[in-house]
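Take a look at the letters that make up each chain.
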Amino acid sequence: MHLPWLEPGDPFPDPSRAWDDQQPAPGLLAAGGALDVDSLQRAYAGGIFPWFSEGQPILWWSTDPRMVLFTNEFRLHRSLRKTVARFAANPRCEIRFDGDFDAVIAACAGSERPGQSGTWIVPAMVSAYRVFHRAGYAHSVETWIDGRLAGGLYCVVIGRAVFGESMFTRVPDASKIALAALVAWCRQAGVRMIDCQQNTRHLASLGAREIARAEFVQQVARERQHEAARWQFEPVYWNSLLLHPTSA
C-alpha cells in the first residue's frame, strides 16, 4: 500500500501504478507535489487529475475504468432537445465561453452535492485553476439568460483532449445546456471524447460510459498532440445536435 510522495516538479508515476480494487482508495496514484501550471498540465496530459478535501495533502488520481463521453454518443433526450432548441432560438439566451471563469468555478465550489457534506473544489483548487485558466488551459462554458449567469461548467483543454471538471446550475437544465454546448463545440472542433472522471447515473443517462484506463491514457496521448481549436462558441454549432441528434 505504498503511496509515492511527490516534491514540487517531480514526475508523476505511471498511471498503471495507481491503487487497485484491493486497496482502500482505488485509483489513487500519488500525494504531494504542487498545483502549479506545469504540474497540472503534465498531470492531465498523462491521464491524471487532482482531487482532495480540505485538510488533506494534494492527492493525484488515475481511475480504472475511466468514465468518458464520446461526443458522437451524446444522448440528446427529447425533453432536453426541446429545451436546447428553445434556448438557441431565444435572443435573451446566450452561450458564452470564458465570459466569467472565476464566477463559474466559485459557483461550482459552492454548489451542494447530493450525498456529499463538502466540496473537493477547496480554496487551493480554486486559486490554482484560476491561474490555469489564465495560462490558457482551464475554460468555462456558461449559460446566460437575460444577462445573468444561469449555469455552466468548467473544463481543461489540452490540444484536442477535453477534461470535464464540474457543473452548477441556478436555473433548471442550465448546466445540461452548457454540456450540450460543449459537445456541439467538440463536434465542430474534431474532439472525440470528453473525460468525465467519475461514473454517475446522470452522466450515464447522457451517454457517458466507462473505458479501460490504458485505452483512455492512449487516447489522451494522441489527442493532446493536436493544436487546440479556437475556444469560442458560435450559434451555428447547435446544428450538430439539433439536426443530427443521438436521441433516446
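Our structure's up above, just so we're on the same page.
Below is a summary of the structure that appears in this document.

Rules of the game
Residues numbered from 1 in each chain as written. Predicted model: local features only at pLDDT ≥ 70, side-chain atom pairs only at ≥ 80, totals over all residues. Heavy atoms only, no water. Buried < 20%, exposed > 50% of the residue type's maximum accessible area, 1.4 Å probe, protein only. Helix = DSSP H or I, 4+ residues; strand = E, 2+ residues; numbered from the N terminus. Pairing = 2+ DSSP bridges. Contact = heavy atoms within 4.5 Å. Axes fitted to C-alpha atoms, helices over the stretch in contact; angles between N-to-C directions. Parallel < 35°, antiparallel > 145°, perpendicular 65-115°, else oblique. Left-handed = near helix turned anticlockwise from the far one by under 90°.

Our next topic: the pairing of strand S8 (residues 148-158). Extensive coverage of S8 is indicated by the burial of ten of its eleven residues. For strand S7 (residues 138-145) and S8, the ladder comprises eight bridges, and the chain directions are antiparallel. Bridging across to S8, Ala138 finds its partner in Val156. The antiparallel hairpin formed by S7 and S8 contains two residues in its connecting segment, where Asp146 sits at a positive phi of about 55°. Alignment of S8 against strand S9 (residues 161-169), held across eight bridges, turns out to be antiparallel. Following the sheet pairing, Val156 is matched in S9 by Phe163.

All right, on to the sheet that holds strand S4 (residues 59-61) then. As summarised here, the arrangement of the four strands in space is S1-S2-S4-S3, forming an open sheet in which the pairing is mixed. Of all strands in the sheet, those bounded by a partner on one side alone are strand S1 (5-6) and strand S3 (49-50). Both S1 and strand S2 (residues 28-32) contribute to a ladder of two bridges, which runs parallel. Following the sheet pairing, Leu6 is matched in S2 by Gly32.

We now examine the side chain of Glu223. Of note, Glu223 is situated in helix H7 (residues 213-223). With a relative accessible area of 8%, Glu223 lands in the buried category. Every residue in contact with Glu223, bar those within four places of it in the chain, is listed here: Ile158, Gly159, Arg160, Ala161 and Arg192.

Once that is clear, we can look at the packing of helix H3 (residues 101-110) against helix H4 (residues 123-134). Look at H3 against H4: their axes get within 10 Å of each other, and the N-to-C directions meet at 155°. By the angle between their axes, H3 is roughly antiparallel relative to H4. For the element pair H3 and H4, the recorded crossing hand is right-handed. Seen from H3, the contacting residues are Phe101, Asp102, Ile105, Ala106 and Ala109; seen from H4, they are Met125, Val126, Tyr129, Arg130, His133 and Arg134.

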